[in-house]
Amino acid sequence: GAGVSQSPRYKVAKRGQDVALRCDPISGHVSLFWYQQALGQGPEFLTYFQNEAQLDKSGLPSDRFFAERPEGSVSTLKIQRTQQEDSAVYLCASSPGSPAGYQFFGPGTRLTVL
Amino acid sequence: DQQVKQNSPSLSVQEGRISILNCDYTNSMFDYFLWYKKYPAEGPTFLISISSIKDKNEDGRFTVFLNKSAKHLSLHIVPSQPGDSAVYFCLQVGNQFYFGTGTSLTVIP
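All values reported here derive from a predicted model rather than from experimental measurement.

Analysis parameters
- Residues numbered from 1 in each chain as written.
- Chains lettered and ligands numbered in written order.
- Predicted model: local features only at pLDDT ≥ 70, side-chain atom pairs only at ≥ 80, totals over all residues.
- Heavy atoms only, no water.
- Helix = DSSP H or I, 4+ residues; strand = E, 2+ residues; numbered from the N terminus.
- Core = buried A, V, L, I, M, F, W, Y, C linked by side-chain atoms within 4.5 Å.
- Buried < 20%, exposed > 50% of the residue type's maximum accessible area, 1.4 Å probe, protein only.
- Contact = heavy atoms within 4.5 Å.
- Buried area = accessible area lost by both parts, 1.4 Å probe.
- Polar contact = N/O pair within 3.5 Å; in protein donor to acceptor, adjacent residues only side chain to side chain.
- Nonpolar A, V, L, I, M, F, W, Y, C, P; charged D, E, K, R; others polar.

Peer 1: Give me the lowdown on unusual backbone geometry, citing residues and values where you can.
Peer 2: A cis amide bond, omega -10°, links Ser7(A) with the succeeding residue Pro8(A). Residue position: Pro8(A) is located in the loop between strand 1 (5-7) and strand 2 (10-13). Residue Pro79(B) follows Val78(B) across a cis peptide bond; omega there is -5°. As for its position among the elements, Pro79(B) is in the loop between strand 8 (72-77) and strand 9 (86-93). We note that Ala41(B) has phi near 65°; this positive angle belongs to a residue other than glycine. Residue placement: Ala41(B) occurs in the loop between strand 4 (32-38) and strand 5 (45-51). If you check the backbone angles, Lys71(B) has positive phi at about 55° while not being a glycine. With respect to the helices and strands, the residue Lys71(B) is situated in the loop between strand 7 (62-67) and strand 8.

In structure tokens form, the structure reads like this:
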């Protein structure tokens, strides 16, 4: 497809379960971003990759959150031992070059932790 | 503490009139701003951007104004159309990325 895709679109997890969220960026896009959007809030930055290098992970809320992009294309956001406060929409975005350029967003994965 | 604020959570405008969405920021070190539009169950889509070397950028019905001294930017949509009904976010970009909380715009036919 031409756009950013994310899977699954919806995920329900029991508290304490590990989850993995996948992002397929637009082919050739160098930069990849993950955001967390809680209900009624704006997206909050989690982490940023340039190719396979994770250049900024300052937004990851705890060490239960881990992101990787091993080949500089597909990225996975992993959340270990999920908690109810992790319930949110997780948005992935990519951009062709510099992070200052505009980002193309995927539809998001809605995570609900019971 | 919220770095970027959109103080109006919602706005209703009559079709054909002007919509003005506002955004205030605290950190003037980051000097590139973008506006995004979001429909339910979809990711945000880019609308228009502005960098601090300019105070205005226009693209069709959309104009963004940047007032650096007031640390304020606004998005003007004129004329407003029912298809513009969505949530609008401003994004401040530098070596950090800060979204506003969003304003839900309803354009009434």
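Peer 1: Could you give me a rundown of the nonpolar core, with the residues and numbers involved?
Peer 2: Of all hydrophobic cores here, the largest spans 21 residues; its most connected members are Trp35(B), Leu47(B), Ile48(B), Leu73(B), Leu75(B), Ile77(B) and Tyr88(B). Sorting the residues of this core by element identifies strand 3 (19-25), strand 4, strand 5, strand 7, strand 8, strand 9 and strand 11 (103-108) of chain B as the ones contributing at least two each. Membership of the second largest hydrophobic core comes to 20 residues, among which are Phe49(A), Ile79(A), Ala88(A) and Cys92(A).

Peer 1: Give a description of the environment of Ser73(A) that names residues and reports values.
Peer 2: Residue and element names in this part refer to chain A. Relative to the assigned elements, Ser 73 resides in the loop between strand 7 (65-68) and strand 8 (75-79). According to the relative accessible area criterion, Ser 73 is partly exposed, its value standing at 35%. As for Ser 73 and Gln 36, which are separated by 37 residues in sequence, their C-alpha atoms are 20 Å apart. For Ser 73, the residues in contact, after removing those within four places along its chain, are Pro 25 and Leu 32.

Peer 1: Give me the lowdown on the interface of chain B and chain A, citing residues and values where you can.
Peer 2: How big an interface is tends to be stated in terms of accessible area lost as the parts join. Residue-level contacts link 18 residues of chain B with 20 residues of chain A. Of the roughly 1,400 Å² buried between chain B and chain A, counting both surfaces, carbon and sulfur atoms make up 62%. The largest share of the area that chain B buries against chain A comes from Pro44(B), Phe97(B) and Phe99(B), three residues that together contribute 37% of it. Across the contact surface, chain B and chain A share 2 residue pairs in polar contact (both at pLDDT 80 or more). At the level of secondary structure, the elements contributing two or more residues to the side of chain B that touches chain A comprise strand 4, strand 9 and strand 10 (97-99) of chain B. Broken down by element, the side of chain B that touches chain A gets its largest block of residues, 4 residues, from strand 4 of chain B. Of the residues assigned to the side of chain B that touches chain A, the class counts are 11 nonpolar, 5 polar and 2 charged.

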